[in-house]
Amino acid sequence: MFAYVTRRVLIAVPMLLVAMYLVHVGVSATVDPRSEFYVCLPRCQEGFDRITEQYNLDTNIFLRPFGYFSELARGNLGDSSSIGEPVWDTLKTRGWNTAMIAIPAFLIGAILSLLLSVYSARRQYSIGDYTFTGLSFIGFAMPSFVMALLLQHIFAVKLEQLFGIKPFNTGRKTGENFLQLARDVTLPAVSLAILGIAADSRFGRASMLETLNQDYIRTARAKGLKEGKVVWKHALRNALIPLVTLWALGFSALLGGSVVTESIFSWPGIGQVFLRALGDADLDLLMAIVMFGGVLTVTFNLIADVLYGVLDPRIRLG
Amino acid sequence: MADTQIPPVLDEDVVAPQPGGATTAEVEGLSDKPKSFGRLAWERFLGHRMALVGAAGLLLLIALFWIGPYFSEFSFDERNVRDRKLGPSTEHWFGTDEIGRDLFVRTAQGGRYSLQIGALAALIATGAGTLLGALAGYFGKTVDALVSQLINLTLIVPAIIVLSVFANKWGADALGLALVLAALLWTRIARVVRGVILQIKEQEYIMAARAAGATHKRILARHLLPNVVGAIAVEITLLIGSVIVLESTLSFLGLGVKPPNASLGTLVAQAKGDIDSDPIRVLTPGIFIVLIVLCVNFLGDGLRDALDPRAKVDDGGAGKAAKKAAKAARKDAKKMKSSGTVVVGA
C-alpha cells in the first residue's frame, strides 16, 4: 500500500508543477493589469511602471512563473489589488465560505445519488427508474445557471408570493445562528448538488446493475442471505468503487468554487471573487485561485486513486 | 428451425428483417446478400426511438432558428422603446426585451450562434483529438507519453476557471470562443481514438500493410482511422452538447459572446434581473438550451448504439469502414507482389 501511494504521489507532484507553470504562462498572456494605462500613457508613466514592477511584467513571460514560485515557496501569494488585502487572507475567508456550500452540496449529492442508483438498479425498468432516468437526462442538459435561477425563483420568491412562506433565503450569507445559516446555504447547495446527482446516479445505476448480475451475488442469495444484506453489503461495496472517483473529482470541483452558482446566489465564495479578480485584472488573486483549483484537483485525484487502491486490491497490487 | 436465435421482439412471422435481429435465413447462413454495415447501422438507428426523437427535434430546432425569423416582421436589433418587456403575444411570439427588441428573433439568432459555436468547437476538438490520439496510439513510446501527459495536464486544470480567463480575452468572436472551448475538450476524443488504435494496430492486416511498404501516413489514414469513424461520430454529437452548455455558461457570465451578438446564455443573463416579475424571459432561452442538449444527447446515444462495433460482429455484416480498410490492404498487397520484394519489419 505504501509503495502504491508513493508511486501515485511521485506521478502527481511533477504533473502539478508543470500544470502550474503552464497555467501561469497562460494567465499572464491573457490578463493584462496594465490595460487601463495604455490610453493615458505618457502622462501616467508612473502608475504604469509601478504595476510593471509589482507583477514583474518586464521579465520574459516564460521566466515569470519562477519568480512567482519562489515567492510562493516563502508563503507569499502577493496582495490583491481589487480587495486590498493579502491574497492569502482572501483565499482563506472565501475558501471557508465556499466550503460552507460545497460540503453540504457534496453530502446531499453523494447520499441521493447513492440511494437513487441502488433504487434504479433494484427496480430496473420500473416507473420510478424511468422517471429518474428522464429527470437525469434533463439535469444533464440543464446548464447550472438555469438550474440555480429556477430554484431561486421557485423556492425563494414564488413560494413567498403564493403561500406567504419563505423557507429559504435567496442567497447571500446573512445568518448569524445555525438555523439562519442553514436557510442561506440550502438553495445554493441544492442547486450544486442536483447537477452532480444527474450524472452520478446514472453511473451508479450502471455499476450497481453490473454488480447485481454477478455470480457471487447469486451465491449470496442462494445461501439464504437477506436481500438487504446482499444489496447493501455485498453488492454496494463493489458497485461503489467507480463512484468514488466521480465523487472525489466532483468534490474538488465544488471546493474550488462554483463561479456560476455563487454569483447567482451572491455567495461570497471563491467563485464570486474570481469573477471580480478577472474583471479587475487582479493578477495575484487570479493566479492564486487558479493554482488553488489545480492543487485541489490533483489532491483529490490522488485521494481517489488511494481510495481505489483501498477498495479494490487488484488495482493496488496490479 | 433455429428459432432460439430469434429475439422476442418477433412475436409473429415478420416478413421484413428487424433491425438488430436476425431472420432464420441469416442465422443458418443462407442469406445470400449480407447487409452492409452502413445499412445495418441505419436500420438500428431507425429502431432507436430516442435517437429518432433527438434527430427530429434537432432538425425542428434548426428549422426554427434558421427559417423562423423570416416569418417574423421584426429584425434582430430593431428597438421599439414603446414595446418594452412585453409578454408573449401574436405579434411578439416570445415577448420583447428591456429595450423593445423582439425576443423570438433574438432567441433564434442566439440559438443559431450557440449551435454554430457548438458545432465549430466540437469539430476543432475532434480534429485535434483524433490527430493526437491517433499519433499517440500508432507511434507509442515518446509520442504516446507526450500526448498522454498533455491529456493529463489538460484534465488537471480547473476547467471553468481557465475557460473563463481565456474566454474573457478571446471569446468575443465565434472562432476564438470555439478554439478556447476546443482546447479543453479535445482530451476525451483523443483517449477514445488512442484506445481503439492501440487495440487494432497489432492486427495482421496492419502488419501486412507494413510489410507491403505502406507509409505511416497511409496506414493511419487508410487502415486505422476508418475504424474510429463510428466512435468519432458519437463523440462529436456528445461534444456539441457539452460545448453548448459551457458556451452558454460563459456567455451568461459575460465572458463569452459579447453584444451585439446574442447567444442563449446572454439572453438569460439579460433577463435574469427581471426574473421575479417576468420569469418567461429567462425560461424561453433556458428551455431552448435544455432542448438542444437533450436532442443532441439522444442523437449521440442512438448513434452509439447504431455504430457499436460489437453489434457489427453480431449481425455478421462486414463493416463499411472495415471493408474500406480491407480494400486498401488488398491494394497494398498487390503493390507488394508487383514490386517483387518483401519488406521485413518495415
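Note that the structure is a prediction, hence the values are computed from the model and not measured.

Reading guide: rules and limits
Residues numbered from 1 in each chain as written. Chains lettered and ligands numbered in written order. Predicted model: local features only at pLDDT ≥ 70, side-chain atom pairs only at ≥ 80, totals over all residues. Heavy atoms only, no water. Helix = DSSP H or I, 4+ residues; strand = E, 2+ residues; numbered from the N terminus. Contact = heavy atoms within 4.5 Å. Areas by Shrake-Rupley, 256 points an atom, 1.4 Å probe, with all protein chains shown as cover. Buried < 20%, exposed > 50% of the residue type's maximum accessible area, 1.4 Å probe, protein only. Salt bridge = Lys/Arg side-chain N within 4 Å of Asp/Glu carboxyl O. Axes fitted to C-alpha atoms, helices over the stretch in contact; angles between N-to-C directions. Parallel < 35°, antiparallel > 145°, perpendicular 65-115°, else oblique. Left-handed = near helix turned anticlockwise from the far one by under 90°. Nonpolar A, V, L, I, M, F, W, Y, C, P; charged D, E, K, R; others polar. Core = buried A, V, L, I, M, F, W, Y, C linked by side-chain atoms within 4.5 Å. Phe/Tyr/Trp six-rings, centres within 6.5 Å; stacked < 30°, edge-to-face > 60°. pLDDT = per-residue confidence, 0-100. Patch = residues over 30% accessible without salt bridge, like charges linked within 9 Å, V, L, I, M, F, W, Y side chains within 5 Å. Lys, Arg positive; Asp, Glu negative; His and termini not counted. Charge placed at Lys NZ, Arg CZ, Asp CG, Glu CD. Buried area = accessible area lost by both parts, 1.4 Å probe. Polar contact = N/O pair within 3.5 Å; in protein donor to acceptor, adjacent residues only side chain to side chain.

Asker: Help me understand the overall build of chain B in this model?
Answerer: What chain B contains, in helices and strands, is 14 helices and zero strands. Restricting to contacts in chain B with at least 6 residues of sequence separation, those with at least 24 account for 72%. Entry remark: accessible area of chain B is about 17300 Å², with carbon and sulfur atoms responsible for 62%.

Asker: How should I be thinking about the overall build of chain A in this particular structure?
Answerer: Tallying secondary structure elements over chain A gives 13 helices and zero strands in all. Of the regular secondary structure in chain A, the N- to C-terminal order runs α-α-α-α-α-α-α-α-α-α-α-α-α. With 318 residues in all, chain A has 47% of them scored as buried. Partitioning the contacts of chain A with sequence separation of at least 6, the portion at a separation of at least 24 is 70%. Accessible area of chain A: about 15900 Å², with a carbon and sulfur share of 64%.

Asker: Would you explain the pattern of salt bridges in this entry?
Answerer: Pairing of side chains with opposite charge becomes possible as their charged atoms draw close. Using the criterion set out here, one finds nine salt bridges over all chains in the structure. A salt bridge links Arg-218 of chain A to Asp-215 of chain A, with the shortest nitrogen-to-oxygen separation between them at 3.6 Å. You can see Arg-218 of chain A and its partner Asp-215 of chain A sitting in helix 8 (residues 215-222), three residues apart, about one turn around the helix. When the shortest N-O distance is used, the salt bridge between Arg-188 of chain B and Glu-235 of chain B registers 2.9 Å. One end of the pair, Arg-188 of chain B, is in helix 7 (residues 174-200); the other, Glu-235 of chain B, is in helix 10 (residues 229-252), and 47 residues separate them in sequence.

Asker: Can you walk me through the packing of helix 4 (residues 87-122) of chain A against helix 12 (residues 283-311) of chain A in this structure?
Answerer: Between two packed helices, both the angle of their axes relative to each other and the distance between the axes serve to describe the pair. Residues and elements named next belong to chain A. Relative orientation of the contacting elements helix 4 and helix 12 amounts to 45 degrees, with a least axis distance of 10 Å. The pairing of helix 4 with helix 12 is recorded here as oblique in orientation. Like other packed secondary-structure pairs, helix 4 and helix 12 cross with a definite hand, here right-handed. Along its contact with helix 4, which presents Val-87, Thr-90 and Leu-91, the element helix 12 presents Asp-284, Leu-285, Ala-288 and Ile-289. Looking at side-chain class alone, the contact of helix 4 with helix 12 contains five nonpolar, one polar and one charged residues.

Asker: Explain the nonpolar core here, please?
Answerer: Across soluble globular proteins, you tend to see nonpolar side chains buried next to one another. If you look at the biggest cluster of nonpolar residues, it comprises 120 residues, and the most contacted ones within it are Val-27 of chain A together with Leu-181 of chain B. With twelve residues, the top contributor of residues to this core is helix 12 (residues 279-306) of chain B. Discounting chain neighbours no more than four positions away, the residues touching Leu-181 of chain B are Ile-117, Ala-121, Leu-163, Val-243, Leu-246, Glu-247 and Leu-250 of chain B.

Asker: What exactly am I supposed to notice about the side chain of Thr-98 of chain A here?
Answerer: Residues and elements named next belong to chain A. Assignment of secondary structure puts Thr-98 in helix 4. Looking at Thr-98, the relative accessible area reads 1%, which means it is buried. Setting aside residues up to four positions removed in sequence, Thr-98 forms contacts with Leu-254, Leu-255, Gly-257, Glu-262, Trp-267, Gly-269, Ile-270 and Gly-271.

Asker: Sorry if this is basic, but what is going on with the packing of aromatic side chains here?
Answerer: We describe a pair of aromatic rings using the distance from one ring centre to the other and the angle between the two ring planes. By the definition in use, this model includes eleven aromatic pairs over all chains. Note on Phe-145 of chain A and Phe-252 of chain B: the rings are 4.4 Å apart at their centroids and 10 degrees apart in plane angle, and the pair reads as stacked. Placement of the pair is Phe-145 of chain A in helix 6 (residues 144-163) and Phe-252 of chain B in helix 10, with the two residues belonging to separate chains.

Asker: Would you mind going over the confidence of the model for chain B with me for this structure?
Answerer: Low pLDDT marks regions whose predicted coordinates should not be analysed in detail. Residues and elements named next belong to chain B. Looking at chain B as a whole, the pLDDT averages 76, with 74% of positions reaching at least 70. Considering each helix and strand of chain B separately, the mean pLDDT is smallest for helix 13 (residues 309-314), with a value of 47, and largest for helix 4 (residues 103-139), with 89. The low-confidence segment residues 336-346, where pLDDT is below 50, has five contacts with residues more than four positions distant or belonging to other chains. As a predicted assembly, this complex carries a pTM of 0.80 together with an ipTM value of 0.85.

Asker: Honestly, a nonpolar patch on the surface in this entry has me stumped. Any pointers?
Answerer: Residue and element names in this part refer to chain A. On the surface, Ile-103, Leu-107, Ile-111, Leu-112, Leu-115 and Trp-232 cluster together into a nonpolar patch covering about 560 Å² of accessible area. At five residues, the largest contribution of residues to the nonpolar patch is made by helix 4. With respect to the secondary-structure elements, Leu-107 resides in helix 4. The class of Leu-107 is partly exposed, set by a relative accessible area of 46%.

Asker: Is there a simple way to explain a negative patch on the surface in this structure?
Answerer: On the surface, Glu-46, Asp-49, Glu-53 and Asp-58 of chain A cluster together into a patch of negative charge. Given the relative accessible area of 61%, Glu-53 of chain A is considered exposed.

Asker: Please clarify how the environment of Asn-76 of chain A should be interpreted in this entry.
Answerer: One can find Asn-76 of chain A in the loop between helix 3 (64-73) and helix 4. Spatially, the C-alpha atoms of Asn-76 of chain A and Val-87 of chain A are 8.6 Å apart, while their sequence positions differ by eleven residues.

Asker: For this particular structure, what's the right way to read the interface of chain A and chain B?
Answerer: Every contact between the two is made by 37 residues of chain A and, on the other side, 37 residues of chain B. Of the roughly 3000 Å² buried where chain A meets chain B, counting both sides, 83% is carbon and sulfur surface. Taken as a group, Met-15, Thr-30 and Phe-145 of chain A account for 20% of the area that chain A buries against chain B, more than any other trio of residues on that side. At the junction of chain A with chain B, the criterion picks out zero salt bridges. Linking chain A with chain B are zero residue pairs in polar contact (both at pLDDT 80 or more), by the criterion used here. Looking at the side of chain A that touches chain B, the elements with two or more residues in it are helix 1 (2-30), helix 5 (127-141), helix 6, helix 10 (259-264), helix 11 (270-279) and helix 12 of chain A. Top contributing element to the side of chain A that touches chain B by residue count: helix 1 of chain A, with ten residues. Broken down by class, the residue content of the side of chain A that touches chain B amounts to 28 nonpolar, nine polar and no charged.

Asker: Looking at this model, I keep getting lost on the confidence of the model for chain A. Mind explaining?
Answerer: For chain A, per-residue confidence averages 84 on the pLDDT scale, and residues scoring 70 or more make up 97% of the total. Taking the mean pLDDT of every element in chain A, the minimum, 72, falls on helix 13 (residues 313-317) of chain A and the maximum, 92, on helix 8 of chain A.

Asker: Would you explain the side chain of Asp-144 of chain B in this entry?
Answerer: Residue and element names in this part refer to chain B. Mapped onto the elements of the fold, Asp-144 is located in helix 5 (residues 141-156). Relative accessible area serves as the criterion here: at 13%, Asp-144 is assigned to the buried category. With residues up to four places along the chain from it excluded, the contact list for Asp-144 reads Ala-136 and Arg-194.

Asker: What is the right way to look at the packing of helix 4 of chain A against helix 7 (residues 178-212) of chain A in this model?
Answerer: Two elements in contact, helix 4 of chain A and helix 7 of chain A, have axes whose closest approach is 5 Å; the angle formed by their N-to-C orientations is 35 degrees. Considering only the axes of helix 4 of chain A and helix 7 of chain A, their crossing is right-handed.

Asker: Even after reading the chapter, I still don't get unusual backbone geometry, so can you show me in this structure?
Answerer: What you tend to see is this: most non-glycine residues have negative phi, and most peptide bonds are trans. Residues and elements named next belong to chain A. Although it is not a glycine, Ser-266 adopts a positive phi angle of roughly 45 degrees. Looking at the secondary structure, you find Ser-266 in the loop between helix 10 and helix 11. With a phi close to 50 degrees, Ala-281 is a non-glycine residue in the positive phi region. Position of Ala-281 among the secondary structure elements: in the loop between helix 11 and helix 12.

Asker: Which parts of the structure should I look at to understand the environment of Ser-70 of chain A?
Answerer: Residues and elements named next belong to chain A. With respect to the helices and strands, Ser-70 occurs in helix 3. Each C-alpha atom, one on Ser-70 and one on Leu-254, is 29 Å from the other, the two residues being 184 residues apart in sequence. Among the polar contacts made by the side chain of Ser-70, one reaches the main-chain carbonyl oxygen of Gly-67 at a distance of 2.9 Å.

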